Amino acid sequence: MAENYYYTEKIETLPKTELKKLQFKRLKTLVNHCYTNSSFYKKKFDKLGLKPSDIKKLEDLRKIPFTVKTDLRDNYPLGMMAAKIGDVVEIHASSGTTGNPIIGPYTSNDMQNWKELMARTIYAAGGRKSDVIHNAYGYGLFTGGLGFHYGAQELGSLIVPISGGMTQRQIKLIMDLQATILCCTPSFAVYLAELMEKEGINPKDDLKLRVGLFGAEPWSERTRERISNELGLEPFDIYGLTELCGPGVSVECSQHDGLHIWEDHFLVETIDPKTGEVLSPGEEGELVFTTLTKTALPMLRFRTRDISVIKDDFCGCGRTHSRMLKIRGRSDDMLIIRGVNVFPSQIENAIMSFEELATQYQIVVDRPGALDIFAVKVELKDHIKQAQLGQDKLKARIRNKIRDITGLSAGVEIVAFGELPRSAGKAKHVIDLRKDKM
Ligand SMILES: [Zn+2]
C-alpha cells in the first residue's frame, strides 16, 4: 500500500468552506468557554457589553478585543486560566529573560491536541516512523524540546532527546546514531555546520541527515540556503509561541511557499500593527491568532508582534490550510533608524549573500549626536586569511548591498572568524545603544 502523503488527510485537505464552518463552530464554543470560565475574558466582554451570543458569524470575531502579551504578564502566573488546577496536567513557560515569564498551562485535552499537531507538523516535513530524530531544542519549561518529543512519540519515530549544549557530543551522536532529522534553532544549525567543517566532517558524506525543522527565531532565506548546502538537508521552517501552545502552529510543506497554519485549531488574522485594522490576505501585517481548541489557556485574538503575510491561494501540496510567509521580523525587533523601518532579517539577508562571510553578525545602533548611526559587524569565513580583514573593496560591496536593501548607509566592520559571540540558543544580533540615552 502506498504511504499516506498527509498525516490527517481529511482535515488537511478539507475544502475551505468546510474549514470555515468548522472554525465558526469551534469559535462559538471557545467564546462560551472563555466567558464562563475565565474572569479575565468575562470582565473584558462585560465592559464592552458583549455577549457570547453576539458572535453570529465568523466575521463577528472582530467585535472581540485583542489580547496582548502584557495581559499575560499582568495576570501572572495563572490569572487568565480558564480551567481548574485539577484539570491542568502540564505547564510550560517562555524563555523571557526579564520580568515574569509567560506561563502556558495545558489540560489533558490540550496535550492530546498538541501532540497530534506536532506529529502532523513533523509528518508534513517528511518525518516518518522510520526516522531518527535528533532533538536539540531545549528540554524543560521551553515548549520546543518537549513539543517535538511528544510529536515524535505520537508518530512512533525514534527521538534522541539531546536538548541544547554539548555540541561536540551532539555531532558524535548525530553520526553514530545516524540521525535523519535535525530539530533545533537555525542559529544552532549554523553553529553545528561551522564546527563540523572545522573538524573535517563532511555532512553530505558522513551523515544521514535529510530534513531539518528549524524555528524559535526568525531566519532568512540566505540562512536556509547555507544550512541546506552545508548540512546537506532540506530545511523546513516551523512556527509557534508559548502563548498559543508552543511549536505546532504552522510548518512548511515540501513546496516551501509559506507555512501552513493548522486552521482547524488556529484562526489567523493580520492587522496593521499601528491602527489594529484587519488586513486582507496578501497584505503584510502583524499576525493575530485565536486558539480554537485550547481549554486551559485559550487566546482570543492574541497579538503576536510577528510581521508576515497570509496567503490563502492554492498550494501545490493539496493542503487547504492558509500559509503564512516566513516571519519578516517582530514589530518589537523592528529598528527605526533615521526614521526608516529596518528588520534585522533584512541585514541578515544582505550578509548571507556574501560567500566570503561567516553566518554570525551584529548590528550596532547608536545616536552619538542628533543622528542615528548604525554599523554592521561581520566575520570572515574560517579559511579566509586575516590579511583580508582590511579589504576595503569587500567593505564597500557590503555597504552598497545594505544601502540597496534599507536605503541607509552603514558602517561595516570585518572581524576574524570566531570573534563574534556564538550562541547555543537564540542569537542576539542587535545592540541598540540608543536605549540608554532616551
Ligand atoms: Zn503546501
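Quick note: structure is the one above.
Just so it is clear, the structure is predicted and the values come from calculations on it, not from any experiment. Just so you know, the residues in each chain are numbered from 1, in the order the chain's sequence is written. Owing to the predicted nature of the model, reporting of local features is limited to residues with pLDDT of at least 70; listing and counting of side-chain atom pairs is limited to 80 or more, with chain, interface and lining totals taken over all residues. Excluding hydrogens and water, the side-chain figures rest on all heavy atoms present in the structure.

**Some remarks on the overall build of the protein**
- On a plain count of helices and strands, the protein comes out with 12 helices and 20 strands.
- A compact globule built from 438 residues should have a C-alpha radius of gyration of about 22 Å, and the protein, at 22 Å, falls within 12% of that.
- The principal-axis extents of the C-alpha atoms in the protein amount to approximately 70 × 65 × 40 Å.
- Classification of residues uses two cut-offs on accessible area relative to the type maximum, computed with a 1.4 Å probe and protein chains only: under 20% is buried, over 50% is exposed, and between them is partly exposed. For the protein, the residues scored as buried account for 54% of the 438 residues in total. Put simply, DSSP H or I for four residues or longer makes a helix, DSSP E for two residues or longer makes a strand, and each gets a number counted from the N terminus. Here the radius of gyration uses the C-alpha set of atoms, whereas the globule reference equals 2.2 Å times the residue count to the power 0.38.

**Some remarks on the sheet that holds strand β18 (residues 373–380)**
- Read from one edge of the open sheet, 4 strands run β19-β18-β17-β20, paired in mixed fashion. Edge positions in the open sheet fall to β19 (411–415) and β20 (430–432), since each of these has one partner strand only. Direction aside, the axes of adjacent strands within the sheet are offset by 20° on average.
- For two strands to be treated as a pair, DSSP must find at least two bridges joining them. Sheet topology places strand β17 (residues 357–366) next to β18; 7 bridges connect them, and they run antiparallel. Opposite aspartate 366, over in β18, you have isoleucine 373 as the bridge partner.
- Each of β17, β18 and β19 is contacted by helix α12 (residues 392–406), which is oriented at about 135° to β19, the strand it contacts most. Helix axes use the C-alpha atoms of the stretch in contact, all axes being lines fitted to C-alpha atoms, and the angles between their N-to-C directions lie in the range 0 to 180 degrees. Contacts are assigned to residue pairs with any non-hydrogen atoms lying within 4.5 Å of each other.

**As for the coordination of the zinc ion**
- At this site the zinc ion is bound by Cys253 (SG), His260 (NE2), Cys315 (SG) and Cys317 (SG), with donor distances of 2.1 to 2.3 Å.
- Metal sites are built from N, O and S donor atoms within 2.8 Å, or 3.2 Å for Na, K and Ca, and they leave out water, so they may look incomplete. In these descriptions, tetrahedral denotes four donors with every angle between 85 and 135 degrees, square planar four donors and octahedral six donors with opposite donors over 155 degrees apart and the rest between 65 and 115, and irregular any other case. Taken together, the 4 donor atoms surrounding the zinc ion define angles of 99 to 114° at the centre, an arrangement classified as tetrahedral.
- Of note, the donors binding the zinc ion are all from one chain and are spaced C-x6-H-x54-C-x1-C. With histidine 260 in strand β9 (residues 259–261) and cysteine 315 in the loop between β12 (302–311) and β13 (323–324), this pair connects stretches of sequence that are 55 residues apart. Pair check on accessibility: histidine 260 and cysteine 315 agree, each one buried.

**Some thoughts on the packing of helix α11 (residues 344–352) against α12**
- Here α11 crosses α12 at 140°, and the two axes come no closer than 9 Å. Judged by the inter-axis angle, α11 sits oblique to α12. The crossing of α11 and α12 is right-handed. Contacts from Gln346, Ile347 and Ala350 in α11 reach Lys401, Ile402, Ile405 and Thr406 in α12.
- The residue classification treats Ala, Val, Leu, Ile, Met, Phe, Trp, Tyr, Cys and Pro as nonpolar and Asp, Glu, Lys and Arg as charged. All others, Gly included, are polar. Partitioned by chemical class, the residues of the contact of α11 with α12 number 4 nonpolar, 2 polar and 1 charged. Oblique is the label for every angle not falling under 35 degrees (roughly parallel), over 145 degrees (roughly antiparallel), or within 65 to 115 degrees (roughly perpendicular). Rotating anticlockwise by less than a right angle from the far helix to the near helix defines a left-handed crossing, while the corresponding clockwise rotation defines a right-handed one.

**Topic: the pattern of salt bridges**
- Salt bridge, as used here, is a side-chain nitrogen of Lys or Arg placed within 4 Å of a carboxyl oxygen of Asp or Glu. Tallied over the entire structure, the rule returns 27 salt bridges.
- With its nearest N and O atoms 2.7 Å apart, the salt bridge here joins lysine 69 to glutamate 243. Of this pair, lysine 69 sits in helix α4 (residues 69–74) while glutamate 243 sits in the loop between β7 (234–241) and β8 (246–252), and the two are 174 residues apart along the sequence.
- Measuring nitrogen to oxygen at the nearest pair gives 2.8 Å for the salt bridge that ties aspartate 264 to arginine 120. With aspartate 264 in the loop between β9 and β10 (266–271) and arginine 120 in helix α5 (residues 108–124), the pair connects residues that are 144 residues apart, well separated along the chain.

**Looking at the nonpolar core**
- Here the nonpolar core consists of buried residues drawn from Ala, Val, Leu, Ile, Met, Phe, Trp, Tyr and Cys, with membership extended through side-chain atoms lying within 4.5 Å. Of all hydrophobic cores here, the largest spans 63 residues; its most connected members are Leu27, Leu213, Tyr239, Phe289 and Met324.
- When near neighbours in sequence (up to four residues on either side) are disregarded, tyrosine 239 contacts Pro247, Gly248, Val249, Ser250, Leu259, Leu287, Phe289, Thr304, Asp306, Met324 and Ile327.
- Ile337, Ile347, Val365 and Ile402 belong to the second largest nonpolar core, which has 25 residues in total.

**Examining the packing of helix α2 (residues 16–37) against helix α3 (residues 39–48)**
- Orientation of α2 relative to α3, taken along the N-to-C sense of each, is 100°, at an axis distance of 6 Å. With respect to each other, α2 and α3 are oriented roughly perpendicular. Facing Val31, Cys34, Tyr35 and Asn37 of α2, the residues of α3 in contact are Ser39, Tyr41, Lys42, Phe45 and Asp46.

**Quick word on α12**
- A helix is expected to span 1.5 Å for every residue after the first. Spanning 15 residues, α12 covers 21 Å between terminal C-alpha atoms, matching the ideal 21 Å at 1.5 Å per step.
- Taken residue by residue, α12 has Leu394, Ile398, Ile402 and Thr406 as its buried positions. Within α12, the buried residues cover an arc of 85° as seen down the axis, which keeps them to one side. Opposite the buried face of α12, by more than 90 degrees, sit the exposed residues Asp392, Lys393 and Asp404.
- In this structure, the buried residues of α12 make contact with β16 (340–342), α11, β17, β18 and β19. What the arc describes is the spread of directions from the helix axis to the C-beta atoms.

**Brief notes about the side chain of aspartate 71**
- Of note, aspartate 71 is situated in helix α4.
- Overall, the relative accessible area of 14% leaves aspartate 71 in the buried class.
- Ignoring any residue separated from it by four or fewer positions in sequence, one finds aspartate 71 in contact with Phe40, Lys44, Phe66 and Met80.

**Considerations on the pairing of β18**
- As consecutive antiparallel partners, β17 and β18 are separated by 6 residues.
- Here 5 bridges tie β18 to β19, and the two strands are oriented parallel to one another. Bridged to valine 376 within β19 is valine 412.

**Thoughts on the packing of aromatic side chains**
- Aromatic pairs are defined between Phe, Tyr and Trp rings, using the six-membered ring for Trp, whenever the two ring centres lie within 6.5 Å; interplanar angles under 30 degrees are classed as stacked, those over 60 as edge-to-face, and all others as tilted. Per the stated rule, a full pass over the model turns up 12 aromatic pairs.
- Between tryptophan 114 and tyrosine 150, the aromatic rings sit 5.9 Å apart at their centres with planes inclined by 70°, giving edge-to-face as the arrangement. Of this pair, tryptophan 114 sits in helix α5 while tyrosine 150 sits in helix α6 (residues 143–155), and the two are 36 residues apart along the sequence. For the pair shown, tryptophan 114 and tyrosine 150 are each scored as buried.
- An aromatic cluster is present here, built from Tyr106, Trp114 and Tyr150 joined pairwise through their rings.
- Either the NZ atom of lysine or the CZ atom of arginine qualifies as a charge over a ring when it sits within 6 Å of the ring centre and within 35 degrees of the ring normal. Its guanidinium or amino end placed over the ring of tyrosine 123, arginine 128 lies 3.5 Å from that ring's centre, counting from NZ or CZ.

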